[in-house]
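Listed below are the residues making up each chain.
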Amino acid sequence: MKKVLDAICGSFDSCEVFYLNEKGKKIEARDGEICAAEFKEEEGYALRAIKDSRPVFSYTYDREDPAERLLANAKALVPVMERDEKSLFAPACAHYPASDLRDERGLAVSDEEKKSTLIDMERTIREYDRRITAVRNCEFQEVDLDAAIGNSNGLLATGRRSLFVFSAMAVATEGNEEVSWYDWRWSDDLKGIDPVRMGLDIAEKIVSMLFAKQIPTGAYEGILTARAASDLLGILSESFLAENLHKDKTQLKNKEGTRCFAEGLRIIDSGMAGPDAFAFDGEGVPSRKNTVVENGIFQTFLYDTYFANKLGKASTGNSVRGSLKSPPKCGARGIYIEKGSRDILASITNGIVIEDLMGTHTANPITGDFSVGCLGYIYRDGTKEPFQGVMFSGNVFDLFKNIRETGTDLTFYGPVGSPSIYVEGLKISGT
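Since the model is a prediction, treat every value here as computed from it, not as a measurement. (Residues numbered from 1 in each chain as written. Predicted model: local features only at pLDDT ≥ 70, side-chain atom pairs only at ≥ 80, totals over all residues. Heavy atoms only, no water.)

Time to look at the overall build of the protein chain. In terms of helices and strands, the protein chain carries 9 helices and 20 strands. Here the protein chain holds 431 residues, and 51% of them are scored as buried. Long-range contacts, defined here as pairs at least 24 residues apart, represent 71% of the contacts in the protein chain between residues at least 6 apart. For the protein chain, the exposed area adds up to about 19600 Å²; of that, 46% sits on carbon and sulfur atoms. One finds the centroid of the 53 positive side-chain charges in the protein chain at a distance of 3 Å from the centroid of its 66 negative side-chain charges. (Helix = DSSP H or I, 4+ residues; strand = E, 2+ residues; numbered from the N terminus. Buried < 20%, exposed > 50% of the residue type's maximum accessible area, 1.4 Å probe, protein only. Contact = heavy atoms within 4.5 Å. Areas by Shrake-Rupley, 256 points an atom, 1.4 Å probe, with all protein chains shown as cover. Lys, Arg positive; Asp, Glu negative; His and termini not counted. Charge placed at Lys NZ, Arg CZ, Asp CG, Glu CD.)

See the structure below:
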């Protein structure tokens, strides 16, 4: 990193170099056998530089002389770039959070053992019930990642992590009825996932959803599971970003210190939480824990270095990189609703439980309005029946004002996590 930086820095007013080496493998099982295996490695450098207030970005996979390639690409771009006086890079930092995100033992487990575990999971699903007619996308994925970042301000940071993911989709059929269910689980530690237990959970879920029917239109009290609640938090999280504050695309502008959500609700964004956890953000700023909402009161927006500079704030460590091929941008790192003190799913006897949402990408992140498909269960005096084919609509700001309790089952789905949440006034359009 230092060699590449030294070769580049003299050509620009300031610069930043990001290095990534990512090794990955994907194994798929079907009908009791391994049907596909894929192994890949990506290694490269990305450069951000500023010359005469003109910011440029380039990247290369050239391992022989990455500095020369980065320089050639960046220099060619400088004359055509617009000036931006607010562009800058993160300051140097002496301390980063201690992290233990790489499972050396898990990475060292043989591929044969991992294949055997995946076959056991697939068999568990397939043999659970005769009505399970297919198991698809039964996969194991593994990532071993090394990253480093340095800039002309003297910043230099390195980090490593591993990630293990099991996933599968089951299809159940009876008569003319066919339903499917997909789920995935991740861990930094290979032993942090029980694939057979996961397979049983998928099998139980899909069989329980057979002969789901529509339920009557109305406003219900009930629970959004961790999966469904995470989808809605993902919509809401857009309003916490400093970029949207700058662009006037958030309803939370000038509302710091104001109660905007349900009393008792706590929302955290942490760069050390979720499957994207890392010791530093996309610009090398140390990861930290930011309390976004405390007891329903909105506390702070989430800033990267650029928008912090534009708005007169300090970075909260919220720069994210989608890939080596694109520059970092402002984003949530590991945003989640803090869990409660009891299992709220175990005590429901009346109301609905929404298990999954379809079409959340159509929601309006500025107004918060949404209308999505959903499926789940309706409880009547303790009796549980599946439902599907209905619409769930509302506004995420209103919904998060009506949360009455949070469960203990905090689960991350990508960079967003939530426990199950109990909510009043769930608007369902059904029969």
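The structure having been displayed, the exposition proceeds.
In total, this model carries 31 salt bridges according to the counting rule given. Between Asp-129 and Arg-131 there is a salt bridge, and its shortest N-O distance comes to 3.0 Å. Residues Asp-183 and Arg-227 are paired through a salt bridge, measuring 3.6 Å at the closest nitrogen-oxygen approach. You can see Asp-183 sitting in strand S6 (residues 177–187) and its partner Arg-227 sitting in helix H6 (residues 226–237), a full 44 residues away along the chain. On the basis of relative accessible area, Asp-183 is assigned to the buried category, the value being 10%. Through salt bridges with shared partners, a single ionic network connects Glu-16, Arg-48, Glu-283 and Arg-321. (Salt bridge = Lys/Arg side-chain N within 4 Å of Asp/Glu carboxyl O.)

Attention now goes to the sheet that holds strand S5 (residues 156–174). Across the sheet, 6 strands lie side by side as S3-S2-S1-S4-S5-S6; this open sheet has antiparallel pairing. Unpaired on one side and paired on the other, strand S3 (54–60) and S6 mark the two borders of the sheet. Between one strand axis and the next, the sheet turns by 20 degrees as a mean value, whatever way the strands run. Across 16 bridges, strand S4 (residues 132–151) lies against S5 in antiparallel orientation. What sits directly across from Glu-139, in S5, is Ser-167. Helix-sheet contacts for helix H4 (residues 111–126) involve strand S1 (14–30), strand S2 (33–51), S4 and S5, and the interaxial angle to S4 is about 140 degrees. The strands that helix H5 (residues 195–208) touches are S4, S5 and S6; relative to S6, the one it contacts most, it runs at about 155 degrees. (Pairing = 2+ DSSP bridges. Axes fitted to C-alpha atoms, helices over the stretch in contact; angles between N-to-C directions.)

Restricting attention to buried positions, one finds in helix H1 (residues 2–9) the residues Val-4, Leu-5 and Ile-8. Axial view of H1: buried residues confined to an arc of 100 degrees, hence all on one face. Facing away from the buried side of H1, by more than 90 degrees, are the exposed residues Lys-2, Lys-3 and Asp-6. Against S1, S2, helix H2 (66–77) and S4 lie the buried residues of H1. (Arc of directions from axis to C-beta.)

Attention now moves to unusual backbone geometry. In terms of backbone geometry, most residues other than glycine have negative phi values and most peptide bonds are trans. If you check the backbone angles, Asn-254 has positive phi at about 65 degrees while not being a glycine. By the element assignment, Asn-254 lies in the loop between helix H7 (242–246) and strand S8 (267–270). A residue is classified by how much of its surface remains accessible, and Asn-254, at 68% relative accessible area, is exposed. Phi at Asp-381 is positive, roughly 50 degrees, even though this residue is not glycine. Position of Asp-381 relative to the elements: it lies in the loop between strand S15 (369–380) and strand S16 (383–395). The class of Asp-381 is exposed, set by a relative accessible area of 70%.

Along any regular strand the residues' side chains alternate between the sheet's two faces. Pairing analysis gives 7 bridges linking S2 to S3, with the strands arranged antiparallel. Counted as the bridge partner of Arg-48 is Phe-57 from S3. Remark: 2 residues form the turn of the hairpin made by S2 and S3, two consecutive strands paired antiparallel; Asp-52 in that turn has positive phi of roughly 55 degrees.

A word on the packing of H1 against H2. For any two helices packed against each other, the geometry comes down to the angle between their axes and how far apart the axes lie. Closest axis-to-axis distance for the H1/H2 pair is 9 Å, and the angle between their directions is 35 degrees. For the element pair H1 and H2, the recorded crossing hand is right-handed. Here H1 contributes Val-4, Ala-7 and Ile-8 to the contact with H2, which in turn contributes Pro-66, Ala-67, Leu-70 and Leu-71. When grouped by side-chain class, the residues that make up the contact of H1 with H2 number 7 nonpolar, no polar and no charged. (Left-handed = near helix turned anticlockwise from the far one by under 90°. Nonpolar A, V, L, I, M, F, W, Y, C, P; charged D, E, K, R; others polar.)

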